[in-house]
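# Structure assessment
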Amino acid sequence: MIFDYFRIAFGNLTRRKLRSWLTVLGIFIGIMAVVGLVSLSQGMENALLSEFKKLGTNRIVISPGGAGMGPVSGSFSAAKFTEEDYGAVKDIRGVDISVSIYSKSAYITFGKETKQNMVWGFPFDSELLEFYKTQSMFDIDEGRLLRPGDRYKAMVGWGAANELFDKKMKVGSKIYINGIEFEVVGIHKKMGGVTGAASDNMIRIPKEAARDVFNEADEVGAIFLRVDEGYEVDDVAERAERKLRKFRDVNEGEEDFSVQTSAQVIAAFEQVLGVVQAVLVGLAAISLLVGGIGIMNTMYTSVVERTREIGIMKSVGARNSAIMMIFLIESGLLGAVGGTIGVASGLGIGKLAEFVALQYDITSLQAYTGFPLILGAMLFAFVVGAIAGTFPAIQASKLHPVDALRK
Amino acid sequence: MAKKRQKAQGKQGGASQKKLRPMVIRLKDVWKVYQMGEVEVPALRGLNLEIRDGEFVAIMGPSGSGKSTAMNMIGCLDIPTRGRIELDSQDISQLSESDLAQIRGRRIGFIFQQFNLIPTLTALENVMLPMTFQGMPAADRKERAIKLLDMVELEDRMHHKPSELSGGQQQRVAIARALANDPEVILADEPTGNLDSKTGSIVMDFLKRLNCDEDKTIIMVTHDEDVARNAQRIELLRDGVVASSSKGNMGQLPCPEKKG
């Protein structure tokens, strides 16, 4: 029986093709916008999360100043760390490997050009060297890693070597950092992505050399801790925070430093992305609402036009519920067809954006095409259609057969 | 077999034997008052009407006599303001719209002046529609619809839409549709009103055969005296009550023979 109602409803929709398609268009645009935006923002979130996961979730970053995203924020803050702060936390229980680095913006001269760029001073002893070798951000494309004993030598990220200057750097190139000559001994592999982009642009030099360049005796830009297996990252982070609070003599809540675990950084990113996503989808939902109103309008018109038919169907035994069902199926179909086309084109737009982004080496813009999104969007479109059709359908079903037949 | 016997009785015995058959429809002091703004306009003023099983009754009357209102009442399309309407001794004057729909679908077949076929559906689908609303399985529906279209000699036109059929053909589709759920009563509202006299008489022959061969009770509303004379009995309505009652030609003339 329900199939027959579908057949009747479908016949009514195809009777007025142009109007049906225009109505479908309203839903189609709304769903396309929602699906496209969700697909891209979800894809971006997934890509970011997997990048973070690749970096490892057992990291703690301690930087001077208030809470921020990693060590960079520390360089803008008035509060500073010294090697003594590092000494206070490097041996706390649960810490496997610890690194204190010094980073600052410097003038880099290569050939005839001078550019401003971030320079990072890393400590290089044989134990840390083994650790660095396991990190993808230290993968070498050309040349070699810095090693203990190097002084005015530099490792350059792929971007800094190839894109920062008109001329490309090679192993053996000479660069000047704040006027001091360095020899490029290694060029890193390209990382790409959002987290990798920062690394690609870094110039890494031994920490002792950085002290000479920036003329800072024992300042520390940031402290990285890797948590040993078997310890909770959060516990270690809390211990480090307590220790540092005591060492720097500040009260809880008034810290002039921040301790962030990988999980917290991920959560912060997710939160920002979540807000962006909500705003975008909210805007797209408005167009979907307009599409729904379009369906309602079409259905009201349809009820008025088909009043006589409703009377006929009632006279041959259609109950109110049957009439209502036919009209609901009609509006639901409008929604579902719009939803199907909208999902397909939304995913198409997502994939297109992904493709275009790839042409510009942006790998983090990946369209998410998961089943829940597809099914959810189509179901949503059908529901929008059915809800928009509810009032017209009730109106149709309540028509009095005698009045309806007289039309 | 039973039908054959009844038919034979009807032919030989005429009206006197038919009177013994049970009452199908009984209107008792039926009032219908329409509210036109401040004014109450009565369309029926205590109408009394009795129709027995197997009868062919014409309801006549000038416009404003209440014959359309009376038809709506008999067809369960509307309920009276006051009074009692019985269908097979069941009081239907207080039923809800959905219950009335159910009764209409099963026990009454409508034939309208405007044919009133659904324009998007084919002839076959139009005939199947009343069975759809009764939840009959699709295969049974189709089989019966084809049989009915065959009966009105339109089996070669069953996949045509109403717009591709002539007026007479559309009305025959409507007759087939009226018979879909094998109702006891066929209610025809000016069935030949939109047809020329030739196609009109073909349609009228179909109606007469339904009464003779299928033993259906037929109630026909018309303002045309010639058309009304096809019935056994003519009830003349005036000002919402029966003004006079007379005999028609039906029962005195033989049933029309099936053509072809």
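Residues numbered from 1 in each chain as written. Chains lettered and ligands numbered in written order. Predicted model: local features only at pLDDT ≥ 70, side-chain atom pairs only at ≥ 80, totals over all residues.

### As for the overall build of chain B
We apply this condition: Secondary structure elements follow DSSP: runs of H or I of four or more residues count as helices, runs of E of two or more count as strands, with numbering from the N terminus. Residue burial is a threshold on neighbouring C-beta atoms within 10 Å of the residue's own C-beta, all placed from the backbone, with 20 or more meaning buried, 12 or fewer meaning exposed, and counts in between meaning partly exposed. We call two residues in contact whenever the C-beta atoms placed from their backbones are within 7 Å.
Helix and strand counts for chain B come out as nine helices and 10 strands. Out of the 260 residues in chain B, the part that is buried amounts to 46%. Considering only residue pairs separated by 6 or more positions, chain B has 69% of its internal contacts joining residues 24 or more positions apart.

### A word on the overall build of chain A
This is how it is decided: Atoms counted for the radius of gyration: C-alpha only. Globule rule: 2.2 Å times residue count to the power 0.38.
For chain A, the helix and strand inventory stands at 13 helices and 12 strands. What you see for chain A is a C-alpha radius of gyration of 32 Å, clearly larger than the 22 Å of a compact globule of 407 residues, by over 25%. Dimensions along the principal axes, computed over C-alpha positions, put chain A at roughly 100 × 50 × 35 Å. For chain A, buried positions account for 42% of its 407 residues. The contacts in chain A between residues at least 6 apart in sequence include a share of 82% that link residues at least 24 apart.

### As for the confidence of the model for chain A
Residues and elements named next belong to chain A. Heads up, the condition is: Confidence scores here are pLDDT values: one per residue, from the predictor, ranging 0 to 100.
Taken as a whole, chain A shows an average pLDDT of 85; of its residues, 96% reach a score of 70 or greater. Within chain A, the lowest mean pLDDT, 74, falls on helix α6 (residues 193–200), and the highest, 93, falls on helix α10 (residues 307–315). The low-confidence segment residues 67–77 (pLDDT under 50) makes 25 contacts with residues lying over four places distant or belonging to another chain.

### Here's the deal with the domain arrangement of chain A
As a reminder of what qualifies: Here the bounds of each domain stem from an automatic or database domain assignment.
What the domain assignment lists for chain A is domain 1 (2–52 + 267–406) and domain 2 (80–255). The C-alpha centroid of domain 2 of chain A is placed 52 Å from the C-alpha centroid of domain 1 of chain A.

### As for the interface of chain B and chain A
For an interface, size is often stated in terms of accessible area lost upon the parts coming together. Worth spelling out the cut-off: Amino acids are sorted into nonpolar (Ala, Val, Leu, Ile, Met, Phe, Trp, Tyr, Cys and Pro), charged (Asp, Glu, Lys and Arg) and polar (every other residue, Gly among them).
On the side of chain A, 17 residues touch chain B, which itself brings 22 residues to the contact. Taken together, the elements giving at least two residues each to the side of chain B that touches chain A come down to α4 (97–107) and α5 (123–133) of chain B. The dominant element in the side of chain B that touches chain A, judged by the number of residues it contributes, is α4(B), at seven residues. A class-by-class count of the residues in the side of chain B that touches chain A yields eight nonpolar, nine polar and five charged.

### Brief notes about the nonpolar core
Under the convention used in this document: Take the buried Ala, Val, Leu, Ile, Met, Phe, Trp, Tyr and Cys residues, join any whose C-beta atoms are within 7 Å, and the set you get is a nonpolar core.
Membership of the largest hydrophobic core comes to 130 residues, with the highest contact counts inside it found for Ile31(A), Val127(B) and Leu149(B). With 47 residues, the next largest nonpolar core counts Phe124(A), Val156(A), Trp158(A) and Ile223(A) among its residues.

### A word on the sheet that holds strand β5 (residues 90–91) of chain B
Residue and element names in this part refer to chain B. What counts, and what does not: At least two DSSP bridges between two strands are required for those strands to pair. Axes, fitted as lines to C-alpha atoms, cover a helix only where it is in contact. Angles between the N-to-C directions of the axes lie from 0 to 180 degrees.
Pairing is antiparallel across the open sheet formed by four strands, whose spatial order is β2-β1-β4-β5. One side of each edge strand has no neighbouring strand; the edge strands of this open sheet are β2 (39–52) and β5. As judged from the 11 bridges shared by strand β1 (residues 23–36) and β2, these two strands associate in the antiparallel manner. Note that in β2 the partner of tryptophan 31 across the bridge is arginine 45. Helix-sheet contacts for helix α3 (residues 67–74) involve β1, β2 and β4 (82–87), and the interaxial angle to β1 is about 125°.

### Some thoughts on α4(B)
Rules: The directions from the helix axis to the C-beta atoms form the arc being described.
Of the positions making up α4(B), those classed as buried are Leu100(B), Ala101(B), Arg104(B) and Gly105(B). Around the axis of α4(B), the buried residues are gathered within 135° of arc, so they sit on the same side. If you follow the buried residues of α4(B), they end up packed against α10 of chain A together with β6 (108–111) and α5 of chain B.

### Quick notes on the sheet that holds strand β10 (residues 241–247) of chain B
Through backbone hydrogen bonds, the strands of a sheet pair up, either in parallel or in antiparallel fashion. All names here are of chain B. Sheet architecture is open: six strands sit in the order β6-β7-β8-β3-β9-β10, paired in mixed fashion. At either margin of the open sheet sits one strand with a lone partner, and together these are β6 and β10. Within the sheet, the average angular offset between the axes of one strand and its neighbour, ignoring direction, is 20°. Lying over the sheet, α3 contacts β3 (56–60), β7 (185–189), β8 (217–221) and β9 (233–238), oriented at roughly 150° with respect to β8. Lying over the sheet, helix α7 (residues 167–178) contacts β6 and β7, oriented at roughly 170° with respect to β6.

### Examining the environment of Leu373(A)
All names here are of chain A. Assignment of secondary structure puts leucine 373 in helix α12 (residues 371–398). Leucine 373 sits in the buried class, given 20 other C-beta atoms within 10 Å. Sequence separation of leucine 373 and glutamine 42 is 331 residues, and the distance between their C-alpha atoms is 9.9 Å. With sequence-adjacent residues up to four places away left out, leucine 373 is seen in contact with Val35, Val38, Ser39 and Tyr368.

### Overview of the pairing of strand β11 (residues 222–227) of chain A
Residue and element names in this part refer to chain A. Note that strand β1 (residues 59–64) and β11 share four bridges and pair antiparallel. Across the sheet, residue arginine 59 finds its bridge partner in β11, namely arginine 226. Bridge count for strand β3 (residues 95–110) against β11 is six bridges, and the pairing is antiparallel. In the strand pairing of β11, valine 95 is matched with valine 227.

### Comments concerning helix α6 (residues 138–151) of chain B
Residue and element names in this part refer to chain B. Applied cut-off: Any helix carries an expected span of 1.5 Å times its number of residues minus one.
Given a rise of 1.5 Å per residue, 14 residues ought to cover 20 Å, and the 20 Å separating the end C-alpha atoms of α6 matches this to within 8%. Among the residues making up α6, those that are buried are Arg141, Ala145, Leu148 and Leu149. One side of α6 holds all its buried residues, which, seen down the axis, span an arc of 95°. Away from the buried face of α6 by more than 90 degrees, exposed residues Ala139, Asp140 and Glu143 are located. Each element contacted by the buried residues of α6 is listed here: α5 and α7. The first or second residue beyond α6 is glutamate 153, which carries a positive phi of 60°.

### A closer look at unusual backbone geometry
One non-glycine residue, Asp249(A), lies in the positive phi region at around 60°. Structurally, the position occupied by Asp249(A) is in the loop between α8 (233–248) and β12 (257–261). Note on Asp249(A): 6 C-beta atoms within 10 Å, which makes it exposed. A positive phi angle, close to 55°, is found at Asp88(B), a residue other than glycine. Inspection of the secondary structure puts Asp88(B) in the loop between β4 and β5.

### A short note on the pairing of strand β4 (residues 113–122) of chain A
Residue and element names in this part refer to chain A. Pairing of β3 with β4, which is carried by nine bridges, proceeds in the antiparallel orientation. Each residue of the ladder has a partner; that of alanine 106, found in β4, is asparagine 117. Counted along the chain from β3 to the antiparallel partner β4, the turn is two residues long, and its residue glycine 111 has a positive phi close to 65°. Two elements, β4 and strand β9 (residues 203–206), share four bridges in a ladder whose sense is parallel. When the bridges of β9 are listed, valine 119 appears paired with isoleucine 203.

### What to know about the packing of α5(B) against α6(B)
All names here are of chain B. Test applied: Should an angle fall under 35 degrees it is taken as roughly parallel, and over 145 as roughly antiparallel, whereas 65 to 115 is taken as roughly perpendicular and any remaining angle as oblique. In this scheme the crossing of two helices becomes right-handed for a clockwise turn of the near helix relative to the far one and left-handed for an anticlockwise turn of less than a right angle.
Direction vectors running N to C along α5 and α6 enclose 125°, while the axes themselves pass 9 Å from each other. For the element pair α5 / α6, the angle class is oblique. The chirality of how α5 crosses α6 is right-handed. Residues Ala123, Leu124, Val127, Met128, Met131 and Thr132 of α5 lie in contact with α6, whose contacting residues are Arg141, Lys142, Arg144, Ala145, Leu148 and Leu149. In the contact of α5 with α6, the residues fall into eight nonpolar, one polar and three charged.

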